[in-house]
Amino acid sequence: MKKYPLPSDVALEITNICNARCFYCPLYQENDNALKYPRGYMDMGLFGKIIDEISAWPVKPSIYMDNAGEPLLDKHFEERIEYCASRYIAGSIILQTNAQFLDEHKSKILLDAGISHILPAFDGAQKETFEKHRVGCDYETVLNNILTFARLRDEKKARTTIQIKYMCTRQNMNETVDAWKLFREHLNPEKDRFQVEVTHTWNEENLKKSPHIIAAVNSKNILRPCRMAFSYLPVFVNGHVGGCSLDYNNNLAGEPFGDANKDSLEKIWYGRKFSSLRKKINFIMKYPQLPPAAMLLPRKCRNCYLQYYDPSYLKPELDDELLVYHNFTTSIFRYG
């Protein structure tokens, strides 16, 4: 049996509590895809166990400190960052945040620890647009927090890169360029970026008919078989491991792919459930246009936008010279 490398990305859901109620996110709304496991914080003992394991891997993965919650709401946040620093892997941390709580104190903690990347969300150039998208976040607070982080980063000459994450909907597409310009004079053109990511369905039936969603299934053939099972391992707040970031309710196998409280991440990664999923995906990669092929996959995977979404009809109207890359759901732009 082919042994795949350890995951290049590990997501640690340190909390699944969030202050925001974004209209394109089903996790905190009343539908079938809402989180079904209790809200809370990852146990520090479990977190330490996982970090100790990762620190011993020959190749360190990127560590995302989030999944279904806002990481800066975690009551153990400072302790976790300090522990990562003590194990010399703080430089692997990628923090995605809505930036509502990215105050000067937390900014200094992150910068002093030397985290690799921070991805603050900013979904509208205008206050009204932003607050309609990031419900529960304040436009002025978030903007000031991001700019303050950038200033402190430059003062400290820290290595952390900033990548503004703009979740593009049909309601804010026309403000994409203006949002990019908001940060142009404050970020480092050599390393900072502006990321435009299109809203997707989370493979959730209610959102497939939403007028807000851009990335729906719009191709009859699989265009890009999912690679998450080969590179990405998410650990949810209770220690359960999912097949991907969208498997928070154990939809793929009807149960977790593993439990990090009991087993090592390596054992789970090479376990039966991941191996079975990879085998099915490899078959589909070999025969992508075979009609019954997708039926091999778990039900939640069969119509996942990651495999079928064709973005060719959607290209943000920014100058070609700004474009770094454009893939199925993301465009990254420079600040040059």
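Residues numbered from 1 in each chain as written. Predicted model: local features only at pLDDT ≥ 70, side-chain atom pairs only at ≥ 80, totals over all residues. Heavy atoms only, no water.

Draft legend 1. Seen up close, the nonpolar core. Membership of the largest hydrophobic core comes to 82 residues, with the highest contact counts inside it found for Phe 47, Ile 50, Leu 110, Phe 122, Val 235 and Leu 265. If one sorts the elements of this core by residue count, helix α5 (residues 139-156) sits on top with seven residues. With residues near it in sequence (within four places) discarded, Ile 50 still touches Leu 12, Met 42, Val 235, Ala 260 and Leu 265. Residues Tyr 64, Met 228, Tyr 232 and Cys 304 belong to the second largest nonpolar core, which totals ten residues. (Core = buried A, V, L, I, M, F, W, Y, C linked by side-chain atoms within 4.5 Å. Buried < 20%, exposed > 50% of the residue type's maximum accessible area, 1.4 Å probe, protein only. Helix = DSSP H or I, 4+ residues; strand = E, 2+ residues; numbered from the N terminus. Contact = heavy atoms within 4.5 Å.)

Draft legend 2. Up close: unusual backbone geometry. Here the phi dihedral of Tyr 88 falls at roughly 60°; this positive angle occurs in a residue that is not glycine. In this structure, Tyr 88 sits in the loop between α2 (77-86) and β3 (93-97). Tyr 88 sits in the exposed class, given a relative accessible area of 78%. Although it is not a glycine, Lys 157 adopts a positive phi angle of roughly 55°. The exposed category is assigned to Lys 157, whose relative accessible area is 75%.

Draft legend 3. Representation of the pairing of β3 within the structure. Taken across its five residues, β3 has four buried, putting it largely inside the fold. Judged from the two bridges that link them, strand β2 (residues 62-64) and β3 form a sheet pairing that is parallel. Bridging across to β3, Ile 63 finds its partner in Ile 93. The pairing of β3 with strand β4 (residues 117-120) spans four bridges and is parallel. Across the sheet, the residue bridging to Leu 95 is Ile 118, located in β4. After leaving β3, the chain enters helix α3 (residues 104-113) and then returns to the sheet as β4, a path that is right-handed. (Pairing = 2+ DSSP bridges. Right-handed = clockwise from strand over helix to strand, strands pointing away.)

Draft legend 4. Inspection of the pairing of β4 at higher detail. Looking at chain direction, β4 and strand β5 (residues 161-168) are connected through two bridges and run parallel. Bridge pairing in β5 places Ile 118 opposite Ile 162.

Draft legend 5. Region of the structure containing the environment of Gly 254. Within the secondary structure, Gly 254 is located in the loop between β8 (240-241) and β9 (258-259). Residue Gly 254 is classed as exposed on the basis of its relative accessible area, which comes to 62%. Placed 44 residues apart in sequence, Gly 254 and Pro 298 show a C-alpha to C-alpha distance of 9.5 Å.

Draft legend 6. Layout of a nonpolar patch on the surface. Together, Phe 283, Tyr 287 and Leu 296 make up an exposed nonpolar region whose accessible area comes to about 250 Å². Considering the arrangement of structural elements, one finds Leu 296 in the loop between α10 (272-286) and α11 (299-302). (Patch = residues over 30% accessible without salt bridge, like charges linked within 9 Å, V, L, I, M, F, W, Y side chains within 5 Å. Areas by Shrake-Rupley, 256 points an atom, 1.4 Å probe, with all protein chains shown as cover. Salt bridge = Lys/Arg side-chain N within 4 Å of Asp/Glu carboxyl O.)

Draft legend 7. Summary view of the side chain of Asn 98. In this fold, Asn 98 is placed in the loop between β3 and α3. On the accessibility criterion, Asn 98 (4% relative accessible area) is buried. When residues no more than four places from it in sequence are discounted, the contact partners of Asn 98 are Cys 18, Asn 19, Ala 20, Glu 70, Ala 121, Arg 134, Cys 137 and Val 142.

Draft legend 8. Focus on the pattern of salt bridges. By the definition in use, this model includes 17 salt bridges. Of the charged contacts in the structure, one is a salt bridge between Lys 108 and Glu 104, with a shortest N-O distance of 3.3 Å. Of this pair, Lys 108 and Glu 104 both sit in helix α3, separated by four residues, roughly a single helical turn. We classify Glu 104 as partly exposed; its relative accessible area is 38%. Glu 197 serves as the salt-bridge partner of Lys 165, at 3.7 Å between the closest nitrogen and oxygen. In this pair, Lys 165 sits in strand β5 while Glu 197 sits in strand β6 (residues 193-198), placing the two residues 32 residues apart along the sequence. Accessibility classification places Lys 165 together with Glu 197 in one group, the buried group. Residues participating in the shared-partner salt-bridge network are Lys 127, Glu 131, Asp 138 and Glu 140.

Draft legend 9. Structural detail: the packing of aromatic side chains. One pass over the structure, following the stated rule, counts ten aromatic pairs. Relative to Tyr 139, the ring of Phe 122 has its centre 5.5 Å away and its plane inclined at 50°; by these criteria the two rings are tilted. Here Phe 122 is found in the loop between β4 and α4 (127-133), whereas its partner Tyr 139 is found in helix α5, with 17 residues between them in sequence. Its relative accessible area of 0% is what places Phe 122 among the buried residues. (Phe/Tyr/Trp six-rings, centres within 6.5 Å; stacked < 30°, edge-to-face > 60°.)

Draft legend 10. Here's a closer look at the side chain of Thr 15. Looking at the element boundaries, Thr 15 is found in the loop between β1 (9-12) and α1 (44-55). Taking the relative accessible area as the measure of exposure, Thr 15 reaches 1% and is therefore buried. A distance of 3.2 Å separates the side chain of Thr 15 from the backbone nitrogen of Ile 17, its partner in a polar contact. Apart from the residues within four sequence positions on either side, Thr 15 is in contact with Gly 40, Tyr 41, Ala 68, Gly 69, Glu 70, Pro 71, Asp 74 and Val 237. (Polar contact = N/O pair within 3.5 Å; in protein donor to acceptor, adjacent residues only side chain to side chain.)

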